[in-house]
Amino acid sequence: MPDFSFIFAQSISGLTAAMFLFLIAAGLSLIFGVLRVLNFAHGTFYMLGAYAAFQFMQWLGPGRGRFWLAALGAAAAIALLGGLVERFLFRHLYGAEELYQLLFTYALVLVLGDAAKMLWGTQQKSVSAPPELGGKALSLFGATIPYYNLFIILLGPVIALGFWLTLQRTRAGRFIRAAALDRETLGALGVNVDALYTWVFVLASFLGGLGGALISPMRATTPGMDTEIIVEAFVVVVIGGLGSFWGTFFGALIYGQVLSFGILFFPRFSIFAVFALMAAVLILRPWGLLGRPLK
Amino acid sequence: MHRRTLLILALVLLLPLAAEAQKPIKVGMPMPLSGPPALFGDPASKGAQMYVEEINAKGGVLGRKLELLVRDSKADANEAVRQARELILKDNVEFLVGTLTSAEGPAVSVVAKENKIVFIAPIPKTDQLTAPDKLHPYIFRVASNTTIEGRSAAEIVAKWPVTRVATMSFDYAYGQDVTKAFVEHLKKVKPGVEIVDQQWPKLGEQDYNPFINAQMAKKPEAIFSSIWGGFFVTYSKQAKALGVFDAIKYHFIGVGEAATPETTKSMGADYPVGIWGNSYDAFYWGETAAHKDYVARLSKYLKDEYPSSWAIQGYIGMQFLAEAIKKANSTDSDKVAKALLNLTVETPVGPLTIREKDHQANRGQLYGKTVKDAKYPFAIMKPVTYVDPTKFMD
Amino acid sequence: MRAPWELALLAAALLVPALGSRFYTFLANDVLIWALFATSLNLLVGYTGLVSFGHAAYFGIGAYTTGLLMKKLSLPFLIAFPAAGVLAGGFALLFGFFCVRLTRIYFAMLTLAFAQIVWAICFKWNEVTGGEQGMPEIPYPSLDWMGRLPLVGGLRTSDHFYLVTVVLVALCLWVLRRVVGSPFGRMLTTIRENAERAEFIGVNVRRYELAAFVLAGAFAGLAGGLFGIFNRGVFPDFAYWTKSSEVLIMTLLGGMGTFYGPALGALALILLNQQIVSYTEYWPFVLGTILIVLLFVFPGGLAGAAGTALRRLRRAA
């Protein structure tokens, strides 16, 4: 029987992974909920966020506060990229078949992914953890929790809450929720739905880019991280419920723990477990944990 | 009239031969050039390229220049096979020198066998590449192999004051074989040792936290890891953050070249200084004049004052090929294959010989404990020893 | 009644080895197998309106089946090849049963989930599938009998296998052509256009969709069985989702509105790839840009564009 400190440590690592996934999946869920499109390129925004953070760090140099600046700068840059893509390219495909919209997002994966290789080369990049948090760890219940992990675990719910409050309480949030339900009526009421869609894309891209920037001190920034993460994001969004915000949050939590403890119970097939879970959800309850039941 | 005709005839007959002599000897090199494996693959291809340029400057081999065609195999067996076949069928290469992972090597070996193309593997280590059921006349290896590496590491760990040992390796041919060799030999030379935990993340894993936690829960006193390349960078960063190295008092040995200058350089201050590791080469080793000269040339070629340690394997691979072609006095595959058997080449790390039994060269590696050195902005192995592989080769 | 140009294409395909280039034969072999794979997917996407993100699962199952039977059990190709179709079709039946109960994006996600499950098993079941190393060295079928044939007797084994591929792919495509032209096929098109209306007139939509799913999976499996041998090795990324997206792109590129569109897409993509990689390593960038341009300019894909162009020419004439 594994001791408690081990279980605790394992659940912490599951939580950390979950929070990163939440950042990416939240954006994916948002775009799906409002624009009704599964954005394959979201993983690429995440990857570009990591590369942008690396680049900003190169320019800013090491030092206190630099990392946070770099992370925010990276997220903003990716948000801008997302906005431009939506405004000038994606917008023209709204009338087209769903399949073509999907194909477009996949084409973006190809183009932007290679653009990253052109700009930063093919070798993996490494970013150091911010000095304020790096190198120090908390010892809790016998488990070692690096400060940076703790920060990520606390940041996740904070962003989730902030997001949710925005959606519930602000005018813009109400418009976003309305657009998810009925675009035409909202337009008829005089709201500039086109601009709204752009802002949704911008917000989603910001989250994705931020996720990539924040994960760069922990993992490698390398080609191929986009195609790896997007499938994981799909799993999360499916488990939580496509289009449901809190569903994504809990879906990410579940995914993180399954992966973490999966290696204990079925070490060889922990990857299998994740996809089996995704299939099970789709078979038994396709709308996920907190999604809206299908007609 | 007759004389002129004869002269023209002679010229016509000789001309194609001269053209034939000018045609370069094409060598195909599938090598990972992107992603975490590129940390090792990219310099390996550059080492090969440097040798090719050096030999071509001296007139080439048998009067013909060598031409190296490098292709990105993405460290994927399927891609490596595809690239190798296109190199053979489209680019008409006469030889293959390349591949890095122990999945790529055996897969390309099959292609080489079917097409009767001599294939020199400079990096894949799995024993399976030259195992009796996989051996064929055209496969040769100038890399070390998992038996040599595992046993060399076991001898080092055996000297440590530890009894609880854990292993962390990728779940594929290389990780499995080198860990098996390590465990078997360690149990032989230090019978009291207990393997308390073994973790098998998938090749390419980015999140090692669950594996690290599971491993540390078993309270190991020493860890043997074969996580390599850019993956080691990620693993060790995460392990360091979780306090692994402090917990085991740095009784950590990272085979898979965890102590190469590439790795320590790219990690900078994040590197867990104090661990043991190995490397095929190190620019600071400097034992022989030949090596010093090679490092000087490499440094100039790569425009790097602390040149890569991986270039050597590409270099040695091409060296053996060139020497074999010279010895065979031909580029015919069968003749070159025969010439490679028992061939001894004076490489920058000393003389190496490919033995007939399994087409394996007696390639050992440098082992050492990493320390901070005032001379360099990154950790180095000190003292660094070349472990002779002969006693480990069955 | 076969259109003469189809027979001409078949003859041209059979004559490729006569060009004397091992590489051209290699490419042609590649194109043929992918053409079959893409056409099988089109049965789902173009004819039934079901977009699958996980078609590579059946391709992979077919490849591993043939590979395992021929390599580990030394069974002849005559058994191993149909077995690929049977097993792939069987799994398509199992997975499809659940998939067809869902629509659109949920259908697509479930096909993806099943494909990733197949991939995970192939990737990790080291003892059986070889794990990450895959199964290199798949034997060629015993083609000695071809050595005794006139004309082709003197060719290499790889050329012999190519000719076998031509015949088998042509056969499979012929069968699929008959399927889509049959009442069953027409019903699929009706379902694609309006599934609700089909339900109203008493059609068991789900059963038809499942049948299409199984057929598509079976033929993808046959393509996989051929590919494993052609590729000289079977590897887990045959079932990975990026393989599914490759074949989907071929289908869309070539045009999912026509039967031969996907095959055309396969040819175009493979040839384009060959051309581009000789100039630049940034093939994905070029491909992505082409796709985006096509999306905005030629939504019907290449075949659609060709069809439109032909119609315009005919009208002008």
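Residues numbered from 1 in each chain as written. Chains lettered and ligands numbered in written order. Predicted model: local features only at pLDDT ≥ 70, side-chain atom pairs only at ≥ 80, totals over all residues. Heavy atoms only, no water.

Enquirer: Before we go on, may I ask you to explain the sheet that holds strand β13 (residues 365-371) of chain B in this structure?
Expert: Pairing between the strands of a sheet comes from backbone hydrogen bonds, and it takes one of two forms, parallel or antiparallel. Residues and elements named next belong to chain B. Here we have seven strands laid out as an open sheet, ordered β7-β6-β8-β9-β10-β13-β14, and mixed in their pairing. Of all strands in the sheet, those with a lone pairing partner are β7 (194-199) and β14 (380-387), marking the two edges. Taken pair by pair, the neighbouring strands of this sheet meet at an average axis angle of 20 degrees, ignoring direction. The sheet contact formed by strand β9 (residues 252-254) and strand β10 (residues 276-279) spans two bridges and is parallel. Directly across from Gly254, in β10, lies its bridge partner Gly277. (Pairing = 2+ DSSP bridges. Helix = DSSP H or I, 4+ residues; strand = E, 2+ residues; numbered from the N terminus. Axes fitted to C-alpha atoms, helices over the stretch in contact; angles between N-to-C directions.)

Enquirer: Is there a simple way to explain a nonpolar patch on the surface in this structure?
Expert: Residues Phe250, Ile254, Leu289 and Leu290 of chain A make up a contiguous nonpolar surface patch of roughly 310 Å² in combined accessible area. With respect to the helices and strands, the residue Leu290 of chain A is situated in the segment after α11 (270-284). (Patch = residues over 30% accessible without salt bridge, like charges linked within 9 Å, V, L, I, M, F, W, Y side chains within 5 Å. Areas by Shrake-Rupley, 256 points an atom, 1.4 Å probe, with all protein chains shown as cover. Salt bridge = Lys/Arg side-chain N within 4 Å of Asp/Glu carboxyl O.)

Enquirer: Explanation requested: the packing of aromatic side chains in the structure shown.
Expert: Within a pair of aromatic rings, the relevant descriptors are the distance that separates the centres and the angle that separates the planes. A complete count under the given rule lists 81 aromatic pairs over all chains for this structure. A ring pair is formed by Tyr376 of chain B and Phe378 of chain B, whose centres lie 6.0 Å apart and whose planes are at 20 degrees; its orientation type is stacked. For the pair formed by Tyr376 of chain B and Phe378 of chain B, the shared burial category is buried. Its guanidinium or amino end placed over the ring of Phe88 of chain A, Arg87 of chain A lies 5.3 Å from that ring's centre, counting from NZ or CZ. Looking at Arg85 of chain B, its charged tip hangs above the ring of Phe230 of chain C, at a distance of 5.0 Å from the centre. (Phe/Tyr/Trp six-rings, centres within 6.5 Å; stacked < 30°, edge-to-face > 60°. Buried < 20%, exposed > 50% of the residue type's maximum accessible area, 1.4 Å probe, protein only. Lys NZ or Arg CZ within 6 Å of the ring centre and 35° of its normal.)

Enquirer: Explain the interface of chain C and chain B to me, please; I cannot follow it from the model alone.
Expert: Note: interface size is frequently given as the accessible area lost on complex formation between the parts. The interface is formed by 20 residues belonging to chain C together with 26 residues belonging to chain B. Summed over both partners, the interface of chain C with chain B buries about 2,200 Å², with 48% contributed by carbon and sulfur atoms. If you sort the residues of chain C by the area they bury against chain B, Phe26, Glu132 and Gln133 of chain C come out on top, with a joint share of 26%. Here chain C and chain B share four salt bridges between them. Measuring nitrogen to oxygen at the nearest pair gives 2.5 Å for the salt bridge that ties Glu114 of chain B to Arg232 of chain C. (Contact = heavy atoms within 4.5 Å. Buried area = accessible area lost by both parts, 1.4 Å probe.)

Enquirer: Explain the pattern of salt bridges here, please?
Expert: Between side chains of opposite charge, pairing is possible as soon as their charged atoms come close. Residues and elements named next belong to chain B. Applying the stated criterion across every chain yields a total of 26 salt bridges over all chains. In this structure, Arg71 and Asp91 form a salt bridge, with 3.2 Å as the shortest nitrogen-oxygen distance. Pair noted here: Arg71 is in strand β2 (residues 66-72) and Asp91 is in the loop between α3 (77-89) and β3 (95-97), with a separation of 20 residues, a long-range link. As a salt-bridge pair, Glu86 and Arg82 come within 3.1 Å of each other at their nearest N and O atoms. Taken together, the positions of Glu86 and Arg82, both in helix α3 and four residues apart, correspond to about one turn of that helix. Just as Glu86 is buried, Arg82 falls in that class too. The structure contains a network of salt bridges with shared partners spanning Glu54, Asp293 and Arg297.

Enquirer: Just to check I follow, could you spell out the pairing of strand β1 (residues 137-140) of chain A for this structure?
Expert: Regular strands show a simple pattern: their side chains alternate between the two faces of the sheet. All names here are of chain A. By the bridge criterion, four bridges tie β1 to strand β2 (residues 143-146) in an arrangement that is antiparallel. Bridging across to β2, Leu138 finds its partner in Ile145. Hairpin geometry of β1 and β2 is characterised by an intervening segment of two residues between the two adjacent antiparallel strands and by a positive phi of about 50 degrees at Phe141.

Enquirer: It is not clear to me how the confidence of the model for chain B should be interpreted in this structure. Could you clarify?
Expert: Residues of chain B with pLDDT of at least 70 account for 95%, and the chain-wide mean is 91. The ipTM value of the predicted complex is 0.90, and its pTM value is 0.91. (pLDDT = per-residue confidence, 0-100.)

Enquirer: What should I look at first to understand the domain arrangement of chain B in this one?
Expert: All names here are of chain B. As assigned here, chain B comprises domain 1 (7-144 + 291-353) and domain 2 (147-279 + 365-392). Counting from both sides, the interface comprises 20 residues of domain 1 and, opposite them, 26 residues of domain 2. Between domain 1 and domain 2 the total buried area reaches about 1,900 Å² when both faces are included, carbon and sulfur atoms providing 62% of it. Connecting domain 1 to domain 2 are three salt bridges. Its salt-bridge partner being Lys125, residue Glu149 comes within 2.9 Å of it at the nearest N-O pair. Inspection of the region where domain 1 meets domain 2 yields twelve residue pairs in polar contact (both at pLDDT 80 or more). The element that contributes the greatest number of residues to the side of domain 1 that touches domain 2 is helix α2 (residues 38-57), accounting for three residues. (Domains from an automatic or database assignment. Polar contact = N/O pair within 3.5 Å; in protein donor to acceptor, adjacent residues only side chain to side chain.)

Enquirer: So what exactly am I meant to see when it comes to the interface of chain A and chain C here?
Expert: Of the residues lining the interface, 40 residues belong to chain A; the matching set on chain C comes to 42 residues. Note on chain A versus chain C: buried area summed over both sides is about 4,000 Å², and carbon and sulfur give 83% of it. Run the count over chain A and chain C and you get one salt bridge. Measuring nitrogen to oxygen at the nearest pair gives 2.6 Å for the salt bridge that ties Glu98 of chain A to Arg104 of chain C. For the pair chain A and chain C, the interface holds three residue pairs in polar contact (both at pLDDT 80 or more). Every element with two or more residues in the side of chain A that touches chain C is listed here: α4 (98-120), α9 (225-240) and α11 of chain A. Among the elements that make up the side of chain A that touches chain C, the one with the highest residue count is α4 of chain A (14 residues). When grouped by side-chain class, the residues that make up the side of chain A that touches chain C number 32 nonpolar, two polar and six charged. (Nonpolar A, V, L, I, M, F, W, Y, C, P; charged D, E, K, R; others polar.)

Enquirer: Is there a simple way to explain helix α4 (residues 77-99) of chain C in this structure?
Expert: Given 3.6 residues per turn, any residue in an α-helix points the same way as the ones three and four places further on. Residue and element names in this part refer to chain C. Taking 1.5 Å as the rise per residue, α4 with 23 residues should run 33 Å; its terminal C-alpha atoms sit 31 Å apart, in good agreement. Among all positions of α4, only Phe77, Ala80, Phe81, Ala83, Ala84, Gly85, Ala88, Gly89, Ala92, Phe95, Gly96 and Cys99 are buried. Where α4 is buried, its residues touch α3 (56-71), α5 (104-124), α8 (157-181) and α11 (205-230). (Expected span 1.5 Å × (residues − 1).)

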